[in-house]
Structure formats: structure tokens, C-alpha cells
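# Descriptive analysis of the structure
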Amino acid sequence: MIEQSLEQYWSLDPDRLLSALGSSRMGLSSSEAQARLVRYGPNQLRARPRLSALGLFFNQLKNPLVLILLFATGVSAITGDWVDALIVLLIVLGSSLLGFIQEYSAGNAVERLRARVASKTAVLRDGDRRTIPSQQVVPGDIILLSAGSLIPADGVLLEAQDFYVNQAVLTGETFPVEKRPGLPSPAAGLTDRTNCVFMGTNVRSGSARALCVLTGQQSTYGQIARRLAVRQPDTEFERGVRQFGSMLSRLMLVLVVTVLAINVYFDKPVLDSLLFSVAVAVGLTPELLPAIISVTLSTGSRAMAKQGVIVRRLNAIENFGSMDVLCTDKTGTLTAGVVKLDGALDCDGRPSESVLRFAYLNAKLQTGLANPLDEAILATPVPPLDAVTKLDEIPFDFVRKRLSVVIQEGDSRKMLTKGALEDVLAVCTRDALGPLAAGAVSRIRARYLEWSRQGFRVLGVAVRDLPILADYTRADEVDLTFVGFLLFFDPAKPDVAQTIGNLAAMGIELKIITGDNLAVARHVAEQIGLRISGSMTGAELLDMGDEALWNRVERVNLFAEVDPNQKERIILALRKMGHVVGYLGDGINDAPPLHAADVGISVDSAVDVAKEAADFVLLEQDLSVLERGVALGRHTFANTLKYVYVTTSANFGNMFSVAGASLFLPFLPMLPVQILLANFLTDFPALGISRDRVDPELVERPRRWNVAQIRNFMFTFGGVSSVFDYLAFGFLIFGVRASAQTFRTGWFIESVMTELAVMLVIRTRRPFFRSRVGRVLAVASALVAGVTLLIPYSPFGRLLGLTPLAPSLLLTMLGITGLYVLATEATKRVFYRRANLKYTAPRTSR
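What you see is a predicted model, and the numbers here were worked out from it, not measured in a lab.

Secondary structure assignment for the protein yields 29 helices and 23 strands. Looking at the 846 residues of the protein, the share that counts as buried comes to 56%. Accessible surface, the protein as shown: approximately 35600 Å² in total, 58% of it carbon and sulfur.

Its 29 residues give helix 25 (residues 707–735) an end-to-end C-alpha distance of 40 Å, which sits within 8% of 42 Å, the value for a rise of 1.5 Å per residue. In the segment just after helix 25, Arg-737 is the residue with positive phi, at about 45 degrees.

Evaluation of the coordinates by the stated rule reveals 24 salt bridges. The partner of Arg-130 in a salt bridge is Asp-126, with the nearest N and O atoms 2.9 Å apart. Residue class for Asp-126 comes out partly exposed when judged on its relative accessible area of 40%. In this structure, Arg-829 engages Glu-825 in a salt bridge whose closest nitrogen and oxygen atoms are separated by 3.8 Å. Here the residue Arg-829 and the residue Glu-825 both occupy positions in helix 29 (residues 807–835), the gap between them amounting to 4 residues, near one helical turn. With a relative accessible area of 48%, Arg-829 lands in the partly exposed category. A cluster of three or more residues bridged by salt bridges with shared partners is formed by Asp-346, Asp-348 and Arg-350.

Of the residues making up helix 2 (residues 30–40), those classed as buried are Ala-33, Arg-36 and Leu-37. End-on, the buried residues of helix 2 take up no more than an arc of 105 degrees, which puts them together on one face. More than 90 degrees from the buried face of helix 2, the exposed residues found are Ser-31, Val-38 and Arg-39. Looking at the buried side of helix 2, the elements it contacts are strand 1 (120–125).

Inspection of the entire model under this criterion finds 16 aromatic pairs. Aromatic pair Tyr-645 and Phe-713: ring centres 4.5 Å apart, planes at 45 degrees, arrangement tilted. Pair noted here: Tyr-645 is in helix 23 (residues 623–664) and Phe-713 is in helix 25, with a separation of 68 residues, a long-range link. Overall, the relative accessible area of 8% leaves Tyr-645 in the buried class. Owing to a relative accessible area of 1%, Phe-713 belongs among the buried residues under this scheme. Cluster of aromatic residues (ring-pair linked, three or more members): Tyr-645, Phe-713, Phe-717, Phe-831 and Tyr-832. If you follow Lys-576 out to its NZ or CZ, it ends over the ring of Trp-550, 5.2 Å from the centre.

Moving on: the sheet that holds strand 18 (residues 509–513). As summarised here, the arrangement of the 8 strands in space is 8-23-22-21-9-18-20-19, forming an open sheet in which the pairing is mixed. Each end of this open sheet is capped by a strand with a single partner; those strands are strand 8 (309–311) and strand 19 (535–537). Sheet twist, expressed as the average angle between the axes of neighbouring strands with direction ignored, equals 20 degrees. Bridge analysis of strand 9 (residues 325–328) against strand 18 gives 4 bridges, and the strand direction is parallel. Across the sheet, Val-325 pairs through a bridge with Glu-509, a residue of strand 18. Across the sheet, helix 20 (residues 564–576) touches strand 9, strand 18, strand 20 (558–560) and strand 21 (581–584), and the angle it forms with strand 21 is around 160 degrees.

At their nearest, the axes of helix 24 (residues 672–687) and helix 27 (residues 775–790) sit 7 Å apart, and the two run at 160 degrees to each other. Between helix 24 and helix 27, the angle is such that the two are roughly antiparallel. Here helix 24 runs over helix 27; the crossing is right-handed. Counted together, Leu-681, Phe-684 and Pro-685 of helix 24 and Leu-777, Ala-780, Ser-781, Val-784, Val-787 and Thr-788 of helix 27 form the full contact between these two elements. Of the residues assigned to the contact of helix 24 with helix 27, the class counts are 7 nonpolar, 2 polar and no charged.

Okay, a nonpolar patch on the surface next. A contiguous nonpolar patch, built from Tyr-265, Phe-266, Leu-663 and Phe-664 and spanning about 480 Å² of accessible area, is present on the exposed surface. By the element assignment, Phe-266 lies in the loop between helix 8 (236–265) and helix 9 (270–284). Overall, the relative accessible area of 45% leaves Phe-266 in the partly exposed class.

It is worth spelling out the packing of helix 16 (residues 496–505) against helix 23 at this point. Where helix 16 meets helix 23, the closest approach of the two axes is 9 Å, and the angle between their N-to-C directions is 25 degrees. When the axes of helix 16 and helix 23 are compared, the pair comes out roughly parallel. Crossing geometry of helix 16 relative to helix 23 is assigned as left-handed. Contacts from Val-496, Thr-499, Ile-500, Asn-502 and Leu-503 in helix 16 reach Leu-623, Ser-624, Leu-626 and Glu-627 in helix 23. Among the residues forming the contact of helix 16 with helix 23, the class breakdown is 5 nonpolar, 3 polar and 1 charged.

Tracing the chain through its elements places Ser-649 in helix 23. Assessed through its relative accessible area of 1%, Ser-649 is described here as buried. A distance of 2.6 Å separates a polar atom in the side chain of Ser-649 from the backbone oxygen of Tyr-645. Within the structure, Ser-649 has its side chain in polar contact with the backbone oxygen of Val-646 (distance 3.2 Å).

Okay, the side chain of Thr-417 next. Turning to its location among the elements, Thr-417 is positioned in strand 13 (residues 412–420). Taking relative accessible area as the criterion, Thr-417 reaches 1% and is therefore assigned buried. Here the side chain of Thr-417 touches Ser-404 through a polar contact of 2.6 Å, side chain to side chain. Leaving out residues up to four positions away in the same chain, Thr-417 has contacts with Asn-362, Arg-402, Leu-403, Ser-404, Gly-460, Val-461, Ala-462 and Leu-480.

Consecutive residues of a regular strand have side chains that alternate between opposite faces of the sheet. When strand 12 (residues 402–409) meets strand 13, the two strands line up antiparallel, connected through 8 bridges. Residue pairing in the sheet places Gln-408 in a bridge with Arg-413 of strand 13. The turn linking strand 12 back onto strand 13 is made up of 2 residues, and Gly-410 within it adopts a positive phi angle of 65 degrees. Pairing of strand 13 with strand 16 (residues 457–465), which is carried by 7 bridges, proceeds in the antiparallel orientation. Bridged to Met-415 within strand 16 is Arg-464.

Turning to unusual backbone geometry, a few remarks are in order. Positive phi is not limited to glycine here, since Asp-126 has a value of about 55 degrees. Looking at the element boundaries, Asp-126 is found in the loop between strand 1 and strand 2 (128–133). Its identity is not glycine, yet Arg-737 carries a phi of approximately 45 degrees, on the positive side. Here Arg-737 lies in the loop between helix 25 and helix 26 (740–762). The exposed category is assigned to Arg-737, whose relative accessible area is 69%.

Position of Val-461 relative to the elements: it lies in strand 16. The class for Val-461 is buried, based on a relative accessible area of 2%. Remark: the alpha-carbon pair of Val-461 and Leu-421, spanning 40 residues in sequence, is separated by 8.0 Å. Leave out the neighbours within four places in its chain, and Val-461 touches Val-355, Phe-358, Thr-417, Lys-418, Val-424, Thr-481, Phe-482, Val-483, Gly-484 and Leu-486.

Parameters and conventions
- Residues numbered from 1 in each chain as written.
- Predicted model: local features only at pLDDT ≥ 70, side-chain atom pairs only at ≥ 80, totals over all residues.
- Heavy atoms only, no water.
- Helix = DSSP H or I, 4+ residues; strand = E, 2+ residues; numbered from the N terminus.
- Buried < 20%, exposed > 50% of the residue type's maximum accessible area, 1.4 Å probe, protein only.
- Areas by Shrake-Rupley, 256 points an atom, 1.4 Å probe, with all protein chains shown as cover.
- Expected span 1.5 Å × (residues − 1).
- Salt bridge = Lys/Arg side-chain N within 4 Å of Asp/Glu carboxyl O.
- Arc of directions from axis to C-beta.
- Contact = heavy atoms within 4.5 Å.
- Phe/Tyr/Trp six-rings, centres within 6.5 Å; stacked < 30°, edge-to-face > 60°.
- Lys NZ or Arg CZ within 6 Å of the ring centre and 35° of its normal.
- Pairing = 2+ DSSP bridges.
- Axes fitted to C-alpha atoms, helices over the stretch in contact; angles between N-to-C directions.
- Parallel < 35°, antiparallel > 145°, perpendicular 65-115°, else oblique.
- Left-handed = near helix turned anticlockwise from the far one by under 90°.
- Nonpolar A, V, L, I, M, F, W, Y, C, P; charged D, E, K, R; others polar.
- Patch = residues over 30% accessible without salt bridge, like charges linked within 9 Å, V, L, I, M, F, W, Y side chains within 5 Å.
- Polar contact = N/O pair within 3.5 Å; in protein donor to acceptor, adjacent residues only side chain to side chain.

Okay, here's the thing in C-alpha cells:
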């Protein structure tokens, strides 16, 4: 907790605050910082809920049906039937252990991957600048902030240079607010503490040094978070799982009540009937679905990491696979990202050493966000600059779109400004020849347009002689002299056209959303072979209402000269029209659209605020990496759906059959322990589905959860299963007049073998013999089949109420299984043909 004397820290003199926190303007020592980390704890709002190994295991037992089953088992043991009770208990614990092992290993793997893209903070330690994980920031640290930084803790500014912060997350303010050192009133509210920065906000422009005062849950953001726990919106994947679970819950409730009531009505023992009805419901439940989802998604995330894609939000993988529109800026994604200064030219388009020198000084002396244009300027050799002193700086922002530095050179004091051409021209009143006439402006714009059409990015450069002032602000950016142009060139990547074609073949439309002018963006689009279906500028967007944008947004694939808020509008409009939208961005201005998109994608070299907003981080800024990630996302989702389709259809068929048989048989068709064992055995190979091969056509197009289709699939294929179950019942009852024990054994073998067989058939839409099965799934299925055939002949079989079958009876059961496979294959063809299934994502309005 913060000391009493620091409760109104924002109103204290900085030196007094430094002393109270035992720090200095050179920061903490490493040893002191480590001691404070132990004292105050990690700088995080609340440790991500991470169950212990024991807690995760007990979590497997929280299923209400499992709890009912354990209760009934306990009653059974008390009444003396302890052998059956013990066997049921062992099966339930075994199933829980299976799920625990998979989820525990999956969770550890995901945590290791997330750590690779954890946010970092620059601080002073032992007097030197160091970059540390943000969780290690402690009170007393001196934090170094610049444009794009995520502010890791609450603190007070010691120094600031045209420092603007976006703190809408705390105050709701629409625009960034300026922060500077000062001493507000002790009673100042949050918005009036202009000398403070707060955890969770981000730097829009400028640079600053701040003294960290409050971290973690002691911060303003942390206190709000404790009072209002806001969870992220569900992904479509999570909504699909919830709807699926709701459907199963209703079905199980009906099944349990109906089966229990009918068995009690026919005077069968109440306890046996309860165990039987609950076991039937458990048999219907894909109880390993949480483990399967965890394993499948973590397997997918590890595979994606090998391909250069780090998953920050696991459940977003399904959205990645469902994505049908990808929006991106061109720089570094469609172009090489290696910007080169092609020329520094005067107003007449001739090479100019003075223009180059002005631009070099501007780039060299600015302390805001590093950017590739400045790096390209600094890579160009210029004469020594020893006699130049920097006096002040007016950082770049996305409203002015220019950056100015003030220098002293001898007795001359100058402002050097560079930025977007129109925004530089807006503050110029002269050129080298005198007052800036309309004809000169027209010639400047004509050259700009010509170079833009050739693919050059063009900046303007202007200068002004200044009077001596204490400091300089944006208001001093007036009456400048336009001196020339900077031409930059970033060639298109040689293989990007092929990648765009591959994305289109996967059902993903590419849209360019850039702040560059329309001519440059159009040139890049033509270079990469992107057919422009329509274009729109930021100026057009300003005059367009939301409804008009919804109407046009699908027909436009090139948006130019747009600001960050307009990017967000475009993303939201596409989502409104039913698309699953991905956005790839790495800059400060990309944070709003990254938040708005279904799939936020950034790169490892991005600014902190962009990486924090993203669901995925690419280790390489390359569309081909993203293409591989999409394919793996679809692979992951396809395997999750396989498990759902296989287990629900097979389980529903078996449980419907056994529940129906209980109505006309004088004995239970299977004992509860036998149902649970059959369910447990078939869970083993089901886990192999997470590593199963996926047919290429299943990853060609975006796919989504379709609970109605799952329900139809379950009833259709469950019905086919029941037909052959009743065929087996008829043979056992009328063909061989089987005893209760023989009936149960034959039915036990037939039910397990049919589920194993059908797993290999309906895991693919192809004829099953034309789709390669994953090795783990194939081996696990073979082992379980062998164990199933051996159990009745083992001593353990007697404890389960099973008996050895005559060879002819065993062959008949296997023959029925073979016929079932053929019938299922034929039904599969009819089902998919009638459903006329396509792999495009269905349109749903948001």
C-alpha cells in the first residue's frame, strides 16, 4: 500500500516525491528494484487465473452429471454394492485424469508462448537505460516514455516534451490530452492531474520521463478493475461452444428424466435406474470437449509458433480460421518495408544539399517515435553537424502530420519542419523566391502528384527563422518557407502477388487501408497485381454516414488518406455487413482498428500499444506467414468440429438405443459401469483427433460454428447407429436367445467397435478410404479395439458383468459393425449432398 504521505502524490514537489520513494532522477539500483519487486509484487492487475495442478484436476469433476454419478456411486457403496461402486469410481477418476493431463500440458505450452510477446518497458536502472518486462516495474522506477508506449504504472512526470496521452480508457476523453510537469491541487480530479500518467493508457506523441508511484492493483486502473471485472467479449468460437453446450444440456435433462421415470414405472430398482439414467446421459456427453478444445487449440498455437505466429488469445484461433476479409496497410506487408531515400529535391525538382541537410537534422534530433522514413534519411551521408544545438521539438501527431525541431546554429535560430506535403504547405507562406503564389503551389502539387503516381512517398520540408523564446509550441508553426521535397521508395515484395492470390483462393479478400495518398496506394496495388474494385479517401469518409458506408464498404478494396478513427469505422462497417474481419497493423494509429477487428494481428517489432491490442503477433512482417497461420487456424477448428461431430452422433445413437432397449427388456441392456467403461475407452482415440490430418478442402474456405448443422448431424447419424444397434439387439434376443450377461457383452463390444469405426468414417467428408488418418488416432483406435475384444475374456471382465462370447457370436457382432460402416458411408454422401454444404462463412448481422 502507498504511504499516507503520498496519497496525494500528484500535488507534491518532484524532488520531495523522489526522496519519499527512495529514488533519484537516475533511477533505482538493480538490487533495490529486485527487493521492491518482492515487497510490492508483480506489476499486474490480477494474476491471470491459473489453477494449481490439484485445482485443475478437481475442475474435471465439476460436471453436474459426474457429481450426480459420484453421489449415486456413494449410495451404492453404502448399500453394500461396493465392487460396482469402486469400478465406477475408478472409471470416473481415470476419465478426469485423462482430461487433466491434456489440459495441464496444453496450459503450460500456451503460457510459454505468451511470454515471448509480453510487453516491455524502458526504465533507468543503475543510471543506464534498460528494457524490462512491464510486470517488473516497481515504485521508484524512472520510466522512459515515447510515442507508442503503453504506460505500465501510475506516475508523475519529471520531464516532458510535447507529450500527449490517450487516456480514454479511464476518462472517456475523445482526444489525446497534453501532459507536462506541474503541481495540481491536492483536490484535483483524474482529468485535472495533468502532471500524471496512468496505467493502461498509451502515449500518442512526444516523449517523457516519469517517476513510478503506484503499480498493479494499487494503480487507478487496478482499483477500477477490482470494482468492475470486465471480461473480454466472447469470440464466435466461445459463443458456438456455449450454444452447443446449451443444446446438449436440454437433451440430457429430457433423457435422464424420461429414462428414470420409465424404469421406475416398470418397477425396476430405483438406485439402479438412477445410476443407469445418469450413465446414459454421461455417455451422451462429450465430457472431454474442454480438454479436446484446450489440446487442439494449444497444439494449433504451438504449430503456429513454429510458423512464426504467436497466439496471445487462444480462443481467437477459430476467428483466425473464419476470417474472410483482411485489412492491412501496405508498408512492410505488401512492400519490402525497407524504405530508401530516393532524393532530396528543391522546389523545382533538382537535387538539393540544403534540403537534405534540413531533413537530416530534423530526423537526427527528434526524440519521438522511431520510424522507417527517418531511418532512411539518417542512412544518407551528410557533412558534419557539430555546430548545431537542439533547442526544442514539436513532435509528430496524426492531426498535424508534421514534425518540427528548433535548432541553434551560430547566431541563427531556425525551425526545421517536415511532414505530409499538404500539411506542410498549410503552414507555409513563402518559397525560395518569395511569397508563395498560387501558381507555385499548383506546380508543387503537380510534381507531388506525378511522383506519387510513380510510387514515391513524398514529404515536404520547410524552415523558418525564429525569435528567441523560452519554449516553442505548435502555434509557432506559421509563416514557414517551403524549401523542397523528400522522395522515398519502398518496392513491392516480389512474392506478394502470389500470396494475395493464395489468400483469395482461401476465401480471404484483401483490402488496403493506408494513410498514404491515393496515387501512391494505387501504384502499389497495381504493382502487386491487386485488382482495384473501388477506392475511397478519408475526405470522402468524412462526408459519409454510417449507412452509406455500410452500403459501399464491401465494394471498395482501397482506402487511402485515412486517419486511425476512420480505419476503425471501416472495420466496424465490414463487421456490420457480416464479415469476420482481420486487421494487420503495427503503429500507434493501428490500435483502434486492432481493437475493433475480429482478428487483431500485429508484428513483433510493433509498438507496445499495437501488440497489446492484437490477438496474434507475427514474428515476421510477411503475408505468407499470415497465410500459413490462417491455414493452421482452420486446421485447428476442423479438428475441434471433428470431435464434436464424431462423439455426439455416435454417443447419441448408442445412448438412444440403450435407453430404448430398457423399455422392452426385462433387464438393463447395459450396466451403468459398462456404459461408463465404453465411454471411457472411446475417449482415448478421440484425444488423437487433435493431431489428426485434415483434408485440404476443409481449410480452403472460412468456416464457422453451426449448431443447427451439428444437431442435424447428430440425429441423422445417431439414427443410423440406432438402426444397427436394434439389429444387434434382435439377433441377440431372437437369434441366439442370449442371457442378460451375454446380451450385455455383445452389446458392449458392438457399441465400442461401431464408435471406433464410425470415428474413422465421419472424420472426413471424403470416402473414408481416401482420407489419411493421423498416426495417433489410428494407433489409439487399434489399441482400444484390441482391449475391447480382450476384456470379456479377462478376469476383469467378470467384475464388470461381462462373459466370453462364442466365436460365431463375436464374428456376427463384428459383421454388424462392418455393415454399419458401409451404411454410414452411404448416409454421409446423401447428407452432404442434401445439405449442399459450402465452406464460406454464413452472413450474420452484428
